[in-house]
Amino acid sequence: MWHIVLIGYVFTTMMFSLAQPSIARALIYLVFWTILPTVFAVWVAIVRRRNRIAKWQEQQNSANEKD
């Protein structure tokens, strides 16, 4: 579900940056309002997935040790 919100955010901020009167201002808006937050959101999703997998593997290992 989060990816749908991210796609909408990227589309909206990209259209906003393209509507700027100068190229420099458009690039600044694109980098600071679109690219950096998108990279951060993807990084957070990757870290959360990695941590969830590590926790699941730890639970599986502890369950196998009990048997």
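Described below are features of the structure shown in this document.

## Focus on the packing of aromatic side chains
Following the criterion strictly, the structure yields 2 aromatic pairs and no others. Between the aromatic rings of Phe 16 and Tyr 29, the centroid separation amounts to 5.4 Å while the plane-to-plane angle is 45°, which identifies the pairing as tilted. Here Phe 16, found in helix H1 (residues 2-18), pairs with Tyr 29, found in helix H2 (residues 23-66); they are 13 residues apart in sequence, far enough to count as distant.

## Let's talk about the environment of Val 10
With respect to the helices, strands and loops of the structure, Val 10 is situated in helix H1. Separated by 41 residues in the primary sequence, Val 10 and Asn 51 have C-alpha atoms spaced 26 Å apart. Among all residues touching Val 10, those that are not within four sequence positions of it are Thr 34 and Thr 38.

## Remarks on the side chain of Ser 17
Position of Ser 17 relative to the elements: it lies in helix H1. Classification of Ser 17 as buried rests on a relative accessible area of 1%. With sequence-adjacent residues up to four places away left out, Ser 17 is seen in contact with Ala 26, Tyr 29 and Leu 30.

Criteria and thresholds
Residues numbered from 1 in each chain as written. Predicted model: local features only at pLDDT ≥ 70, side-chain atom pairs only at ≥ 80, totals over all residues. Heavy atoms only, no water. Phe/Tyr/Trp six-rings, centres within 6.5 Å; stacked < 30°, edge-to-face > 60°. Helix = DSSP H or I, 4+ residues; strand = E, 2+ residues; numbered from the N terminus. Contact = heavy atoms within 4.5 Å. Buried < 20%, exposed > 50% of the residue type's maximum accessible area, 1.4 Å probe, protein only.

Limitation: the analysis is restricted to geometry and does not speak to function.
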